[in-house]
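# Inside the fold
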Amino acid sequence: MTTGSLGLRSSGSYGSLQQQQFQNSATTPPVPPRKPPKMFKEKEGMFLWICKFAPRKKVGMLLICAVSAAVFLWVLYVGKGGGDTPELNISMTSGVFPPDTGQIRRIDLIEQNDFGQIASIESPPPPPPAYFKGYTLPPGNPCEGFTLPPPPADKKRTGPRPCPVCYLPVEQAIALMPDAPSFSPGVSSLTYIHEENLSKSEFGGSEFGGYPSLKQRTDSYDIRESMSVHCGFVRGARPGHQTGFDIDDSNFLAMESCRGVVVASAIFGAFDLIRQPRNISEYAKANVCFYMFVDEETESFMRNSSELDNNMRVGLWRIVVVHNLPYNDPRRNGKVPKLLLHRLFPNARYSLWLDAKLELVVDPYQILERFLWRKNASFAISRHYRRFDVFVEAEANKAASKFDNASIDFQVDFYKKEGLTPYTRAKLPITSDVPEGCVIVKEHIPISNLFTCLWFNEVDRFTPRDQISFAIVRDKIREKTNWTLNMFLDCERRNFVVQGYHRDVLERWPSPPPPGAIAVVHPPPPVIVAAQPNVSTLSFVTSPVKKIPTKRGRERRSKRHRKVIPGS
């Protein structure tokens, strides 16, 4: 058997392995050793010639110089990137690598295979920006130069009304959703105080929100990078579990899984009726979390009215029954989900709060794009349509018996001693000190979460009238940071929500006739007139019908104002 019949190469990189195989085989004759190649003989002769003449001084120095020059030229050649083999160049400064950016780097590797083809491994795309910095609409976009038209000249309708708002199409609004959170000035880490043994402070507070002292309240407005503040749910391992405002574990796990946008509302004391959102896109129906918080009384009312199904849903709303409410006042209980949604939905990025009397009629992504992303804001709320001053708002609350007058006066006097002044144009660019707090659009970042925590603490310590405590919290945070919020017009709010009536008002109204029914109008009862002389029968007279006067033309004049000409 010959080497060719084995299919093995007689020379090359596998030569030594072939020789061992033939030596171990008894039937195959050994392969004679190969002659050394001619190149090897030439190198060996040159080496002997160098060793022969190296001891001489002149020749040795000449060789050393030649070798040094060759090494120097080779270093220069390699440093310039020459050669057939690609080299990996790493820039070094003072003998160290460039400073690390905290992210894992991937270096493009270039390999050359036996066929001379180059295969490259591409580096991953660059990471998203650390913070969202806003955007501008492209030129020619209809919303770029949109301005509000003048209000309609209708003197008979002087109350608040909606005004036009330029929304982007839903698809464009979804595409503009930021990949990174907004920057949180002043505070980057926010934690919440947990207390088991509570002791009452100077005034105010509750078992649910704790009893922070006045010193702790002052310290909470000292904005720092890392802060720990009171923010409700002070007892228990987590919000909604043995803290007051308790929620079933199944609901809380579902709320934790909400990682995008949440739309929330609440009904306590069966005070309102559920209103279904309209004009919601299919994408929002599949990705936005709609949650309605109710108490046991409201749940019972809903079951008796056959609104609530076995899946605890009413249309888009998922109904969450809250047990062990922390307050006796339903309005104050409603402030818990209104201001502390970031605690109930710890993984959500954005939230839209609606009072239960409101009906949402615009897609949530369009609202977020219009009032947050386009304005590069992390908090948006509409300002009151009529009142801009806290002191005027307090007097209006007292006149309408919204709360105990003495408590309102105590709160306003406390804020006045802290430096709160009436609103004037000198406060611009602040446009108002009084919000219309029935709608809150918010991004869940530390600074906006801190704002709503401190706002809730004021509501917990003083009166539940959150319009009174809004400005003092905002101003104290603005003193330490450059954080601003978007206070948009109330007519813009009325564009995306329709305001209804509370349930007690609706129940006093007569129910409308069923469709297709014919309304029966009963004539007024006859009036019996006493018999007069020479009248043989009784007269039945109906109520006189007042004739509606018609407008007279210019050519017709009243006789009373006719000009009398003498001698006529």
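The shown structure was predicted, so the numbers you read here are calculated from the model rather than taken from an experiment.

## A word on the packing of helix H15 (residues 446-461) against helix H16 (residues 466-480)
- The geometry of H15 relative to H16 is characterised by a closest axis approach of 9 Å and an angle of 135° between their N-to-C directions. Here H15 is positioned oblique relative to H16, judged by the angle of their axes. The two elements H15 and H16 cross, and the hand of that crossing is right-handed. Between H15, through Ile447, Phe451, Leu454, Trp455, Glu458 and Val459, and H16, the contact on the second element is made entirely by Asp466, Ser469, Phe470, Val473, Arg474 and Ile477.

## Let's talk about the pattern of salt bridges
- Inspection of every chain in the model, using the stated rule, returns 22 salt bridges.
- Asp249 is the salt-bridge partner of Arg238, the closest N and O atoms lying 2.6 Å from each other. You can see Arg238 sitting in the loop between strand E4 (226-229) and helix H7 (249-256) and its partner Asp249 sitting in helix H7, a full eleven residues away along the chain.
- Residue Glu395 is joined to Lys398 by a salt bridge in which the shortest nitrogen-to-oxygen separation is 3.4 Å.

## Digging into the confidence of the model for the protein chain
- On average, the protein chain scores 78 in pLDDT, and the residues at 70 or more come to 68%.
- Every residue in residues 80-121 scores below 50 in pLDDT, and together they form 25 contacts with partners more than four places removed in sequence or on other chains.
- Contacts for the low-pLDDT stretch residues 551-568, under 50 throughout, to residues beyond four places or in other chains number one contact.

## Here's the deal with the state of the cysteines
- This model, assessed by the stated rule, comprises four disulfides.
- In this model, Cys143 is linked to Cys166 through a disulfide, with the two sulfur atoms separated by 2.0 Å. Here the disulfide of Cys143 and Cys166 is left-handed, its torsion about the S-S bond being about -80°. You can see Cys143 sitting in the loop between strand E2 (118-120) and helix H5 (170-175) and its partner Cys166 sitting in the loop between E2 and H5, a full 23 residues away along the chain. Here the two residues Cys143 and Cys166 agree in accessibility, since each one is buried.
- Shown here is the disulfide that connects Cys231 with Cys453, its sulfur atoms set 2.0 Å apart. A torsion of -75° about the S-S bond marks the disulfide between Cys231 and Cys453 as left-handed. Note that Cys231 is positioned in the loop between E4 and H7 and Cys453 in helix H15, a separation of 222 residues in sequence.

Reading the values: the criteria
- Residues numbered from 1 in each chain as written.
- Predicted model: local features only at pLDDT ≥ 70, side-chain atom pairs only at ≥ 80, totals over all residues.
- Heavy atoms only, no water.
- Axes fitted to C-alpha atoms, helices over the stretch in contact; angles between N-to-C directions.
- Helix = DSSP H or I, 4+ residues; strand = E, 2+ residues; numbered from the N terminus.
- Parallel < 35°, antiparallel > 145°, perpendicular 65-115°, else oblique.
- Left-handed = near helix turned anticlockwise from the far one by under 90°.
- Contact = heavy atoms within 4.5 Å.
- Salt bridge = Lys/Arg side-chain N within 4 Å of Asp/Glu carboxyl O.
- pLDDT = per-residue confidence, 0-100.
- Disulfide = S-S within 2.5 Å.
- Buried < 20%, exposed > 50% of the residue type's maximum accessible area, 1.4 Å probe, protein only.

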